[in-house]
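# Per-entry structural report
Below, each chain spelled out in residue letters.
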Amino acid sequence: MTTSRPAPVRPEPVHVRPNWALVGIFIILAFGAVALARSFLMPMTLALLLFFVFALPCRILARAGVPPSISAGIITLALFFGLIGGIMSLAVPIASAVDDAPRIFGALQDKLASLEGSVDKIRDAMKQVETMAVPEEGGGEATKVVTTGTGLGVLTGIATTTPALLGQIVFTLVLLFFALASRDLLYRRTVESFSRFRDKRAARAAIDEIEKSLGIYLGSITLINAILGLAIGLAMWAWGMPSPELFGVAGFALNYVPYVGPVSGIIMATLVALVTLDGVLQPILVGMTILGLISLEGQFITPYFLSRRLSLNPVVVFVAVALFAWLWSAIGMVVAVPMLVVLNVMCAHIPGMQGLGNFLSGSEETCAGEEDAPKGGDTPAAA
């Protein structure tokens, strides 16, 4: 007679719940570290993005027999002298605009002097409300603190920030040179850091996709922004605006920042037109002209040149721009969207992150397993 042995009891899997308090503390500390190390992280991030953009030209030059160090030096020097040439060409218009700034602000105050009566009435009404709401204590008079700003403070701020800015530019270009010169080594070491062949192949595919996507995105955006800046400069010249080339350069640079940049350019041009042009209708038409050019670019030209796979969720883009503006100021607003493009590509190649990539994407394609899934036991038709 054989006796049956009882089946071994398997332990139930233990589900570890995340400690959300620790997660929240980690997120707060991470944001604090990113904001604290901005002087180092900003140029490093910008150099990394430029590395992926210029990796393809370096590969083309390598196929032509140019050594990687020579191609990296050519690209780095071209960026350096292009930046210096742009600054020198805009030095005279910027100097004249700075000289005219007091006159422009004075004329703007004169234009808005007609609203002074309404503002005074509103201020008096607010004082009456405060008097009724706040009881008198001891009959003491409130003291007013008046702060005065001088031009010396502005010059001191410029003098203290310029060396740091130049240092970050030099650090970005030097890091870009070394990254481009050792491009193949970086790619090989990145792929070799994975153990399984499947992971190695996925890592190489992700690198190639990031390089291609960033090159297409930034190249297309730069060309579109250049055409938009030229159109804005010509339009401002036709309207008789002062220094139309500055408006063109501002339109080119501000259009890298979604939403915030174009709105800032429209407001700036409208205020300057309100001072330099006669009446109120012409300044409004100047602002409408820039709005029409930006709308044409955003609704028709950019979607035509950029593929749908590079489109991003507009809510995510706005939040990312606002977040990086808070963390890294103007540079953060510029690098926010390219970083989202890199993250979106990484989500497409990393298992388990497809949901985040679908959330980041701006295309209207449905997710697999949702609307396209069979309902009620129906089998999908064979392709």
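All values derive from a computational prediction rather than experimental measurement.

## Some words on the overall build of the protein
- A tally of helices and strands in the protein yields 13 helices and 0 strands.
- Taken from N to C terminus, the helices and strands of the protein fall in the order α-α-α-α-α-α-α-α-α-α-α-α-α.
- Looking at the 383 residues of the protein, the share that counts as buried comes to 27%.
- In the protein, the share of contacts with a sequence separation of at least 24, taken over all contacts with a separation of at least 6, comes to 72%.
- On the protein, roughly 26000 Å² of surface is accessible, and the fraction owed to carbon and sulfur atoms is 70%.

## Comments concerning the packing of helix α2 (residues 38–63) against helix α8 (residues 197–239)
- α8 packs onto α2 with a crossing angle of 95 degrees between their chain directions and a minimal axis gap of 8 Å. Taken together, α2 and α8 sit at an angle that is classed as roughly perpendicular. Listed contacts from α8 to Leu49, Phe52, Val53, Ala55, Leu56 and Arg59 of α2 are Arg204, Ile207, Ile210, Glu211, Leu214 and Leu218.
- Classifying every residue of the contact of α2 with α8 by side-chain character gives 9 nonpolar, no polar and 3 charged.

## Some points on the nonpolar core
- Within the largest apolar cluster, 41 residues are counted, with the highest numbers of intra-cluster contacts made by Leu180 and Leu214.
- If near-sequence neighbours (up to four positions away) are discounted, leucine 180 is found in contact with Phe51, Phe54, Ala55, Cys58, Pro68, Ala72 and Ile75.
- Ranked by size, the runner-up nonpolar core spans 14 residues in total, among them Ala235, Phe247, Ala269 and Ala273.

## Overview of the packing of aromatic side chains
- Inspection of the entire model under this criterion finds 8 aromatic pairs.
- Site record: aromatic cluster; members linked through ring pairs are Phe51, Phe52 and Tyr187.

## Some remarks on the side chain of threonine 76
- With respect to the helices and strands, the residue threonine 76 is situated in helix α3 (residues 68–89).
- Contact partners of threonine 76, with chain neighbours within four places excluded, come to Leu173 and Phe177.

## So, the confidence of the model for the protein
- Across the protein, the average pLDDT comes to 77, with 70% of residues at or above 70.
- Segment residues 134–155: pLDDT under 50, and 0 contacts once partners within four positions in sequence are set aside and those in other chains are kept.
- Here residues 366–383 is a poorly scored stretch, pLDDT under 50, and it has 4 contacts once near neighbours within four places are set aside; other chains count.

## Some details on a nonpolar patch on the surface
- A cluster of nonpolar side chains, contributed by Trp20, Val23, Phe26, Ile27, Phe31 and Trp326, occupies part of the molecular surface with about 720 Å² of accessible area.
- Broken down by element, the residue count for the nonpolar patch peaks at 5 residues, all from helix α1 (residues 20–36).

## With respect to α2
- Counted at 1.5 Å a residue, the expected span for α2 with its 26 residues is 38 Å, and the 37 Å between its end C-alpha atoms agrees.
- Phi for glycine 65, located one or two positions after α2, is positive at around 95 degrees.

## So, the pattern of salt bridges
- Here the structure, examined in full by the defined rule, presents 5 salt bridges.
- Among the salt bridges present, the one from aspartate 208 reaches arginine 204, with a minimum N-O distance of 3.5 Å. Of this pair, aspartate 208 and arginine 204 both sit in helix α8, separated by 4 residues, roughly a single helical turn.
- With relative accessibility at 31%, the residue aspartate 208 sits in the partly exposed group.

## Overview of α3
- Taking 1.5 Å per residue, 22 residues should reach 32 Å; α3 reaches 31 Å between its end C-alpha atoms and fits that length.
- Taken as a whole, α3 has its buried residues at Ser71, Ala72, Gly73, Ile75 and Thr76.

## Section: the packing of α2 against helix α7 (residues 183–192)
- The contact between α2 and α7 brings their axes to 11 Å, and the two run at 115 degrees. For the pair α2 and α7, contact is made by Phe51, Phe52, Ala55, Cys58, Arg59 and Ala62 and by Arg183, Leu186 and Tyr187, respectively.
- Considering only residue class, the contact of α2 with α7 consists of 7 nonpolar, no polar and 2 charged.

## Structural notes on the environment of valine 345
- In this structure, valine 345 sits in helix α12 (residues 314–349).
- Looking at valine 345, the relative accessible area reads 8%, which means it is buried.
- As a C-alpha pair, valine 345 and serine 213 span 132 residues in sequence and 8.0 Å in three-dimensional space.
- Setting aside residues up to four positions removed in sequence, valine 345 forms contacts with Ala206, Glu209, Ile210 and Ser213.

## A closer look at unusual backbone geometry
- Look at serine 243: it is not a glycine, yet its phi comes out positive at around 50 degrees.
- Here serine 243 shows up in the loop between α8 and α9 (244–254).
- With phi around 70 degrees, tyrosine 259 is a residue other than glycine that occupies positive phi space.
- Structurally, tyrosine 259 is set in the loop between α9 and α10 (260–276).

Definitions and limits used
Residues numbered from 1 in each chain as written. Predicted model: local features only at pLDDT ≥ 70, side-chain atom pairs only at ≥ 80, totals over all residues. Heavy atoms only, no water. Helix = DSSP H or I, 4+ residues; strand = E, 2+ residues; numbered from the N terminus. Buried < 20%, exposed > 50% of the residue type's maximum accessible area, 1.4 Å probe, protein only. Contact = heavy atoms within 4.5 Å. Areas by Shrake-Rupley, 256 points an atom, 1.4 Å probe, with all protein chains shown as cover. Axes fitted to C-alpha atoms, helices over the stretch in contact; angles between N-to-C directions. Parallel < 35°, antiparallel > 145°, perpendicular 65-115°, else oblique. Nonpolar A, V, L, I, M, F, W, Y, C, P; charged D, E, K, R; others polar. Core = buried A, V, L, I, M, F, W, Y, C linked by side-chain atoms within 4.5 Å. Phe/Tyr/Trp six-rings, centres within 6.5 Å; stacked < 30°, edge-to-face > 60°. pLDDT = per-residue confidence, 0-100. Patch = residues over 30% accessible without salt bridge, like charges linked within 9 Å, V, L, I, M, F, W, Y side chains within 5 Å. Salt bridge = Lys/Arg side-chain N within 4 Å of Asp/Glu carboxyl O. Expected span 1.5 Å × (residues − 1).

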